[in-house]
Amino acid sequence: MKKTLTDQELQNFRPKCLRPDGANVGRSIAVTATGFVLPCCWLDRPDGSENLLEDEKIKPFFDKELHINNNKTIEDIVNSDTWQNFMGDLINRPEMSSPICLKMCSSEGNIHRRQEKW
C-alpha cells in the first residue's frame with residue numbers, strides 16, 4: 001500500500017537526477033553489473049530492499065528490451081517510454097514516484113544527506 005505524502009514531504013522531495021528545470025542531468029545515471037541502465041545507483045541496491053523488483057516503479061528498468069546489449073546507445077534506453085514515464089512522474093506526479101526516490105531524495109530525514117552541525 002502506497003503511503004500518502006504530506007505537503008511538507010512533497011516540498012522536501014528533490015530528485016537528485018534532475019536539475020531544477022527538470023532536465024535529467026543531475027546525478028549520474030548508473031549501469032548495473034548485469035547491464036541495465038538506471039537513473040541513479042540507489043535504484044540498483046537501495047537500503048533495506050530484500051527484493052528490488054517488488055517496486056513497480058523500478059521493475060520496468062530491468063526489462064530485457066532495455067538491456068545494454070539490446071540497444072545501440074545508452075541514449076536509446078534513456079529515451080524509452082520507461083525512462084520518460086519515470087522521469088515524468090518525478091516532475092509532474094512526485095507522489096507516484098518510487099519509495100526509494102522519496103527516501104533518498106528528500107531534504108529532510110535522509111540518512112545519506114550530509115548534515116553539518118556547528
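Located above this text is the structure these notes cover.
Residues numbered from 1 in each chain as written. Predicted model: local features only at pLDDT ≥ 70, side-chain atom pairs only at ≥ 80, totals over all residues. Heavy atoms only, no water.

Trainee: Please explain the nonpolar core as it appears in this structure.
Mentor: Side chains of nonpolar character tend, in soluble globular proteins, to be buried together. Judged by nonpolar contacts, the single largest core of 25 residues is most densely connected at Leu43, Trp83, Phe86, Met87 and Leu90. Within the residue set of this core, elements represented by two or more residues are strand E2 (37-38), helix H2 (74-78), helix H3 (81-92) and helix H4 (99-104). (Core = buried A, V, L, I, M, F, W, Y, C linked by side-chain atoms within 4.5 Å. Buried < 20%, exposed > 50% of the residue type's maximum accessible area, 1.4 Å probe, protein only. Helix = DSSP H or I, 4+ residues; strand = E, 2+ residues; numbered from the N terminus.)

Trainee: Even after reading the chapter, I still don't get the state of the cysteines, so can you show me in this structure?
Mentor: Each disulfide is one covalent bond, formed between the sulfur atoms of two cysteines. Taken as a whole and judged by the stated rule, the model has zero disulfides. Cys17 forms no disulfide, and the closest cysteine sulfur to it belongs to Cys105, at a distance of 6.2 Å. The thiol sulfur of Cys40 is not disulfide-bonded, and the nearest other cysteine sulfur, from Cys41, lies at 5.4 Å. (Disulfide = S-S within 2.5 Å.)

Trainee: What should I look at first to understand the pattern of salt bridges in this one?
Mentor: When the charged atoms of two side chains lie near each other, side chains of opposite charge can form a pair. Tallying each qualifying case throughout the model produces two salt bridges. Shared partners join several salt bridges into a network, and the residues in it are Lys57, Asp89 and Arg93. (Salt bridge = Lys/Arg side-chain N within 4 Å of Asp/Glu carboxyl O.)

Trainee: In this structure, what is going on with empty space enclosed by the protein? I would like to understand it.
Mentor: Rolled over the atoms, a probe sized like a water molecule indicates the empty space that remains. Using the criterion set out here, one finds one cavity of 30 Å³ or more in the structure. Looking at the largest cavity, its volume works out to about 90 Å³. Considering the residues around the largest cavity, the lining is formed by 14 residues, among which Cys17, Cys40, Leu43, Cys101 and Cys105 are closest to the centre. Sorting elements by how many residues they give to the lining of the largest cavity places H4 first, with three residues. Residues that form the lining of the largest cavity fall into these classes: 13 nonpolar, no polar and one charged. (1 Å grid on protein atoms, 1.4 Å probe; cavity = no way out; pocket = protein on both sides within 12 Å on 5 of 7 lines; lining within 4 Å. Points joined across faces, edges and corners; volume = space filled by probe spheres on them. Nonpolar A, V, L, I, M, F, W, Y, C, P; charged D, E, K, R; others polar.)

Trainee: It is not clear to me how the environment of Gly35 should be interpreted in this structure. Could you clarify?
Mentor: Relative to the assigned elements, Gly35 resides in the loop between strand E1 (30-31) and E2. The spatial distance from the C-alpha of Gly35 to the C-alpha of Asn69 is 7.5 Å, given a sequence separation of 34 residues.

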